[in-house]
Every structure is written in structure tokens, then in C-alpha cells.
Amino acid sequence: MTTYICKCGRRVKKSTDASTTGNRLSGYAPGHECWGCPYAMPYGDFQWDESARTVSRETRGYECRMSKTLTYASEFAGSVKDKCTCRVHSLDFDFLSQVSAWIKDTYPDREIFGSFSKDIRASDYGSDGRYCLTITCTQNLKGVAAKRELFGQFFNLDGSRKDMTPQQEMEKILADIKKAKEILSCAPAQNADAAVTTAENAVPTATAATPTISESGADASASTPATSLQNCESAPAASAGGSSVSTAGAMQDKPLTTVPDAMRPAFDYSGLTDQTVEDLHFAEDEYRHGKQMAERGLVHMGNAIAVAHDALCGVVAQCDNSKHGNRGDDTFRAWCVSIGITKDTAYRLLQVSALLDGSSPRQQKILKELSPTLLYAVAKPSAPAELVEQVKNGDITTNKQYQEAMAQIKAEKDRAAAAEAREEEAWNMVSKAQDEAQTAKNDLDAALADVQGLDEENARLKAEKEKAERSYNEMYESRIAANLQRQKAEAERDRAEERAKNAEDALKKQPITAVIDEEEIDRRAAEKAWGLADARNAELAKDNANLKKQVAALRSRINDDAQADFEQANYCASLMRAAWDNSKASYSRLVGEDLESTFQTICGTLNSIMEEASLLCRQPPDYDGGDRDE
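Residues numbered from 1 in each chain as written. Predicted model: local features only at pLDDT ≥ 70, side-chain atom pairs only at ≥ 80, totals over all residues. Heavy atoms only, no water.

> I would appreciate a short explanation of the sheet that holds strand β9 (residues 131–137) in the present structure.
As a general point, the strands of a sheet are linked pairwise by backbone hydrogen bonds and lie either parallel or antiparallel. As summarised here, the arrangement of the four strands in space is β6-β7-β9-β8, forming an open sheet in which the pairing is antiparallel. The open sheet is flanked by β6 (75–77) and β8 (112–113), the only strands paired with a single partner. Where helix α1 (residues 93–106) meets the sheet, it contacts β7 (86–90), β8 and β9, and its direction lies at approximately 15° from that of β9. (Pairing = 2+ DSSP bridges. Helix = DSSP H or I, 4+ residues; strand = E, 2+ residues; numbered from the N terminus. Contact = heavy atoms within 4.5 Å. Axes fitted to C-alpha atoms, helices over the stretch in contact; angles between N-to-C directions.)

> Please clarify how the nonpolar core should be interpreted in this entry.
Nonpolar side chains in soluble globular proteins tend to end up buried together. Grouped together as the largest cluster of nonpolar side chains are 41 residues, with contacts concentrated most on Y287, I305, F332, W335, L375 and Y402. Taken together, the elements giving at least two residues each to this core come down to α6 (274–292), α7 (298–313), α8 (327–339), α9 (343–357), α11 (372–379), α12 (385–392) and α13 (399–509). Of the residues forming this core, the biggest block, nine residues, is contributed by α7. The residues touching Y402, leaving out its near neighbours within four places in the chain, are L374, A377, V378, A383, P384, L387, V391 and I396. By size, the runner-up hydrophobic cluster in this structure holds 33 residues, among which are L96, I103, Y131 and I135. (Core = buried A, V, L, I, M, F, W, Y, C linked by side-chain atoms within 4.5 Å. Buried < 20%, exposed > 50% of the residue type's maximum accessible area, 1.4 Å probe, protein only.)

> Looking at this model, I keep getting lost on the pattern of salt bridges. Mind explaining?
Pairs can form between side chains of opposite charge whenever their charged atoms are close. Here the structure, examined in full by the defined rule, presents 25 salt bridges. Between D128 and R130 there is a salt bridge, and its shortest N-O distance comes to 2.7 Å. On the accessibility criterion, D128 (16% relative accessible area) is buried. By relative accessible area, R130 is classed as buried at 6%. The closest approach of N and O atoms between R333 and D330, which form a salt bridge, is 2.6 Å. You can see R333 and its partner D330 sitting in helix α8, three residues apart, about one turn around the helix. Its relative accessible area of 4% is what places R333 among the buried residues. Its relative accessible area of 24% is what places D330 among the partly exposed residues. Among the charged side chains, a network of salt bridges with common partners joins D92, D94, R161, D163, E169, K172 and D176. (Salt bridge = Lys/Arg side-chain N within 4 Å of Asp/Glu carboxyl O.)

Next up, the structure:
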């Protein structure tokens, strides 16, 4: 079993786990403990009504929507910085009506829109028990600004309600429930059907009351019933004297609601001063007199309501319903119910009275001659000031002229809004173009940076190529110098051997000038020759050893040169490929004779390189370059 909470705090256990559920009020009629609760709502099956050509509900009974948790505090949900939908969660129907009326009066062109209706569905209550009022805004800057103004008007920065604390709001809601029950208990129904009808008009889902005095469609929803007391005010009504003063032929739109005689509680004059009581009795007489005058009595009725309002609440510069919880305002509403009118009707009549009070005698005379439809429309706080002046001066005398002027003003506003939208679109296009230009500039800067990087890479490759060429030339010159040194050493060796041979031959060819001992001479000559030969051989051996060292060093250097030649040969191919890659794009852009000429040049160069390379490939392994190295 799950425990659920009613709006009055009562707890009920049910065998379900849904976030919200209904508590069926069996025997809902006068005498029931929940009779008159403003949160009781009908339930039943929806059926197609062929005669009315619409879907209607067959009411089977009444229930109270319950939830697992219950929150009394009103709260704003959503963001005021975007164009998304926002919501107001609340159980205070007065507050929801006030928000809805403010939206309609402040933004008649529906920059934001949200309308609270007592025709509540079960799905309108959330899991925390509160009603959810959905507010939408137009998808432009005006809509966002309107939503921000709504938030600043009613809510604190944290989204809580401005004029009441959560505790005060809970106390008010519970007091409204108690007051609504007390008022309904004072109006017993004649039979069971009448009891259900009376209850339906007493709860928030009640339909509109039977019309008695109508107003124009321009004022169709100027104000919504704002308190639980008023929930029982909207009921089928007759005039105070039992005679109806309906003028539906002249006023065709939304009715002014009244309270039936059976539901009018007696007004408590105790605690009021004698002057206040006298003013109220005067207002009652004036109101009854005005009702008997039909259309022309509208001004008298408004003046009567203004007298009572001033006596109970004091003079108010702007007629509104913002004094929630104020005893003077509650007393005024109770007095209105006692004479048979709802609070909404009273405040509409106050608007008419305020319009007359702010006019000159000549203008008052003109206003008194107007039809109630036009008078109600021009008395609304949202009526354009220029049209009000035209009506007061007699330039506009019919509701048709007034509606045409309103339509013209709305058309001008629409044109201005369209112009603003076009201007905003133009600025958006300019901003987009600037963004695209900046993007193009960034792309250009990036391309230039890439080109600069390629130039730097090309310069680096060129420097490496020049360095490689210098290294190759140095190695080539070193190879030539080594060959020259080797040849010089070999020549020195040959010359030394030649000198030794010549010396030996010279000794053999010297003439003998005297008779000597030939053997001795031969011996001495041989000793001397061998001595010279030994000395020369030692010298030659030393030179030969030096030559061998030089040859070994040369051979080592030649091997290094061979490795360098191998690397240089491979690097040559890399340089040729790099040169072709760098020049390929240029070749691709050439046409005609330029392309043919450059093609022949590169082909000739490649053929020459191939011929020289093929000759080198056919040389023996010990080929050192031939005459070209010399």
C-alpha cells in the first residue's frame, strides 16, 4: 500500500505505485467532508456529442488528485536566457490567475503566452501535487525579454515566489480550501442533481456562469477568478431583485458573472465604522438602481462599486487584484458576493469608474453614451492610450471603429516587429559574412604559412644539395691529390733505384791508371760498392717502408672514398627525385611549345646521364676513372 496526500494534507493509502492517483469522493454533495473544495474535480468517460458536434464528458463523480509528496510553494522552472518553454508550478489558483492576467495585459501580441483555466485535467498535476502552467515565448529577442520581465515581476532569483514565503503560501491555500467549503455549505441544493450542478460551479473545473451583463470579445479574458472565495461566485444567477437585466442583444461576448440569490451570504457589517456602513448601503442602492437602468446603468454600477471599494480598501490608483491576504480586499470581495457579483465583475466595473474619474465633464458625457461593449474595451488597462483619447473625444463612437483601430495598431506593431526581424536577420547575415570573411582570412594565413614552410623546406633541401656537391668536389679533389702523391712516391722510388744502378755501373766503368793488385782493387772496389749498395739499400728500404705506409693510408682513404662515392651516387638519385617532385607541378601547368621544349631538355639530360652511367657499368672492377681522373 502506498500513502498519497490530498491538497488539504489528508493522507490516503491505495494499492498502486503511480506518481499521482485519484481519490474518489463517494457521495460528493452537501454534507460531504470535502464539499466545496476548490481542488475537487469531476471524472467520467468522454463521449462524442452528435448534437453539439464535439466531445463531452459524462460526469460520473468527483475526485481529488493525490500525490506521494505535496509541495505548496510556487516555483518558476526554466531559463530566462533562451527561447525555450518555461513553467510555473503552483497550487495557488489566485497566483496562477494573476500571472495569466499579467501576461495577457502586458503582452497582448503574445510575445509570451500562458493561460490558466479552471478547466483542469488530471494530467495537469505533477508528481509533487502542484498544477503546471506552461508558458511559451516567440522565437526572437522580444520573447526572451518578455520571459525575463515575467520572471522579474513575480519571482526571486532562485525561482521562488516574491510576495509569499512557502509557509505563508501553504497557510493561504489551506485557508482558501476552508473558506470555499464554508461558502458552499451555506447554499443547500434543492435536490441531488442540483447539488452536483452547484458543486461543479464551485470547484475549479466549473464552467462559466449564466450571463447577465456581457462585455466585448476584446475583454474576453481580462481577468480570471483569483481566489477560492470566487470559485463559488461563478454560478447561474439572477438579479438581486429576482429580475434579470440581461442585455445580450447589445453585448454579445463574454458575460459578467453574478452569484445566485441562494448562494449569497449575508455581509457582516460588524467592526466597521458608521460612515463605512452608510457608504456601503449607498453603494448597494446605487448598484441596484444601475441594474434597473440596463445598459445606461453601467456607469451607476461602476460608481457604486468604486464607493464600496474606497470605503473598504482605500483609493487605489490602478485597479488590480494584487492584495492577496489583505483583510480589506477580502472584505470587499465578500461584500461583492453579498450583492450578487463576482470579484471579476467588480473589478471590471472599477475599471469603468476609473476611466470616468480620469476624464473631463465633456468626456464623461461622451463616455456615458457609449455601448457597454465599447466602454468595457476602452476601460481595460491594456487599451492603447491614443485610442482611449479618441474615444473620450468622440472620434471613435462604436465598438466596430474601436476594433478596426485596434487592428490597425496591431498591424503597425506587426510591421514594426517584421521590420525588426528583418533588421535582425540583416545583422545576422552581416555577422555571418564577417565570420566567413574571417574564416577565409584564417584559411589564407594558413595557406601562406604552408607556402612559407614549403619555401623553407626547399631552401633547406637546396642547402643540403649544395653541401653534398661541395662534399663531392672535395672528395674528388682529395682522390686526385692521393693519386698524385702515390705517383710521386713511385717516381721517387724509381729514381732511387736508378741512381743505385748508375752508381754501380759507374764503378764498373772507372779506368785503371796504375798497375796494382787487381785482386786487391777488386776487393776494395767490391767492399766500397757493397758499402755503397748497403747504404743505398738501407735508404731505399727506409723510403720503401715510408712508401708502404703512404700506400696503406691512400688505400684506406680510397676505401673511404669508395663508400662516399657509393653514398653520393645514391644521394644523386634522391636529389634527382626531389628535383623532379619540386618541378613536377610547374611541368603540369606548361602547354604547347613550352611543354615540348622543357620535355626535350629533360629527356636529353636523362639520356646523357644514362649513357655515361652505362659506360661506367661496363668498366673493370679496378677502373679508377681513366684519363678523366688525370
